[in-house]
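The lines below spell out each chain.
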Amino acid sequence: MSGLRLYALVYLAFLYAPIALLPIFAFNDGTVIAFPLDGFTLRWFRELPQTPALVASVRTSLWIAGSTALLSTVLGLCAARAGTMARFGGRDAMMGLIMLPLVLPEIIVAVALLVVLLALGLPLTGWTVIAGHTLICLPFSTAILGSAFRALDPALEEAGIDLGLGRAAVFLRVTLPLLMPGIIASLLITFTISLDEFIIAFFLTGTEPTLPVYLWGQLRFPQKIPVVMALGTILLVISVVLITLAEIARRRAAARATGIDSGA
Amino acid sequence: MAQADPGSVRRGRALIAAPALYALLLLAGPLGTIVLFSFWSQDFLALDRSPTLGNYAEALREPLYRELMLRSLAIAMAVTVTTVLLAFPVAYFVSFKVAPARKALWLFLITIPFWTSYLVRVFLWKVILGFNGVVNASLLGAGIIDAPLTFILYNPVSVVITLTHAFAPFAILPIYVALERIDHSLIEASRDLGESRASTFRRVTLPLALPGVMAAALIVFIPVIGDYVTPRLVGGPSGLMIANMIQTQFLKLNNAPLGAALAVLAMLIVTAIALVAGLALRRFSGPRG
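Residues numbered from 1 in each chain as written. Chains lettered and ligands numbered in written order. Predicted model: local features only at pLDDT ≥ 70, side-chain atom pairs only at ≥ 80, totals over all residues. Heavy atoms only, no water.

Chemist: Help me understand the state of the cysteines in this model?
Modeler: Cysteine pairs can be linked by a disulfide, which is a covalent bond between their two sulfur atoms. Residue and element names in this part refer to chain A. Taken as a whole and assessed by the stated rule, the structure comprises zero disulfides over all chains. Just so you know, C78 is unpaired, no disulfide at all, and the nearest cysteine sulfur is the one on C137, 16 Å from it. Taking relative accessible area as the criterion, C78 reaches 19% and is therefore assigned buried. (Disulfide = S-S within 2.5 Å. Buried < 20%, exposed > 50% of the residue type's maximum accessible area, 1.4 Å probe, protein only.)

Below you can see the structure in the form of structure tokens.
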């Protein structure tokens, strides 16, 4: 084995080391998070559904992440399409503004939104969190859908128009089905980002905390940590499943673009 | 084929209207408001709207704020350098040594940890580095140390370790993309002309990969300088950063103008460094074409 390969494997181990601890302590029958372990238990997982505040925060997070995914994917679809069409005055500036959250520390976005909401006297609710999350998810959906649009063969849309379909019909019956893997990838990625996002939710959440905000509160209580570990394990599994699905959708999109005749 | 026919331009404008309006209202507007706020002042519960530079004077004069700002810069620099140095060989390995069919799998494996809850990941580092943590328990158990190491948690070093881990994929991916773009015939030409492997790397591969390295550095540096969770969880008092102070001003001390001034200063520093990095890169790669 070459030195470089060994280094890459050690690096991978470094990347996975903290995460590997999650299931270890989630199934560990002891309240102290340290070695040596105390034996196997499922009680931390059993405690999860019996904590009403936790169940409520999961519900809040799910609808916030779902709404964010829908909203940012629809807006991203518009931005990505405009970005791949003919250049017009101000287009690059607009695209730059849309992509800006990628290069802004999240705390700045959070603080800026908070100040405006307070100045306008608007209450902090789940919708304010959705507004902030959509802002930071929009660059991701725009980028994902932009590459989906670029991979699209324009001859297919032209064929639709030549065959007498209107623009709306071409979009619904030709473009949208071809873009579907990209759309699914965008939905999954933005859902995952929103589900995990902490700092914007921390600033903009009202009386209904999201799951990360609830978790943040629990980290202060040492006796709650094993339950957090169990929850983290579940979140880990969900994230990995969602991202794997997004990756499969993305690969299908790429395959569709390169080999349209191969049965797509 | 992308000729600017008026219909296409009109449709493009109509399409970008919704997302652009969204970004204008929820990003440009609020950022402008923050700048405005930074010139106002807080008079107990009331907001004094007469313009003043007092917040900036206080932010720059008060030793605590200055120290937090400088520390955030130093930590962000340290994280950027370690992350990029550690990530480069991995990106190089995946780009040059892994069979094309298996590259996607490697990249997927590298990005997976990044998709798990950031909060939980940072907390896990606290578990690893803590007084009764994994590192100490293992070293004690192995008889290497007699008392738990205390210098590995609640200080700037633990912040650097945790953030280096958290931002690894951000560094690997841009470098990988830059390495993938390199025309391998250039490397072969250098070898044919008698350059050693090391000097080919130094004089051909590395300069061609530099834009990716620079992009990686910025992508790591920008979010790290504004990070809140890591310094709060593993930093201890000596590892707190500017984002913690911004949060304190806004949510605890109820001094939004001063918090806004600190946020604007942080943004200015980030922008200045990004511009300098961009200019340096252009200057370096300019003459080569």
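Chemist: How do you make sense of the UniProt feature "domain: ABC transmembrane type-1" (unreviewed entry) in chain A when you look at a structure like this?
Modeler: Following the UniProt record, one finds the feature "domain: ABC transmembrane type-1" (unreviewed entry) at residues 58-246 of chain A. Between the C-alpha atoms that bound residues 58-246 of chain A the distance is 22 Å, and the span itself is 80% helix and 0% strand. (UniProt positions renumbered as here; feature names shortened; annotations may be inferred. Helix = DSSP H or I, 4+ residues; strand = E, 2+ residues; numbered from the N terminus.)

Chemist: Just to check I follow, could you spell out the side chain of N28(A) for this structure?
Modeler: All names here are of chain A. Topologically, N28 is positioned in the loop between α1 (3-26) and α2 (43-47). By relative accessible area, N28 is classed as buried at 1%. Ignoring any residue separated from it by four or fewer positions in sequence, one finds N28 in contact with L37, D38, G39, T41 and W44. (Contact = heavy atoms within 4.5 Å.)

Chemist: Please explain the UniProt feature "transmembrane region" (unreviewed entry) in chain B as it appears in this structure.
Modeler: Residues and elements named next belong to chain B. On the UniProt side, "transmembrane region" (unreviewed entry) is annotated at positions that read residues 20-40, 68-92, 104-124, 160-179, 200-225 and 258-281 here. With 100% helix and 0% strand, residues 68-92 has its two end C-alpha atoms placed 36 Å apart. This span, residues 200-225, is 100% helix and 0% strand, and a straight line between its end C-alpha atoms measures 35 Å.

Chemist: What should I look at first to understand the UniProt feature "domain: ABC transmembrane type-1" (unreviewed entry) in chain B in this one?
Modeler: UniProt feature "domain: ABC transmembrane type-1" (unreviewed entry): in the numbering of this structure it lies at residues 69-277 of chain B. Here residues 69-277 of chain B runs as 78% helix and 0% strand, with 20 Å between its end C-alpha atoms.

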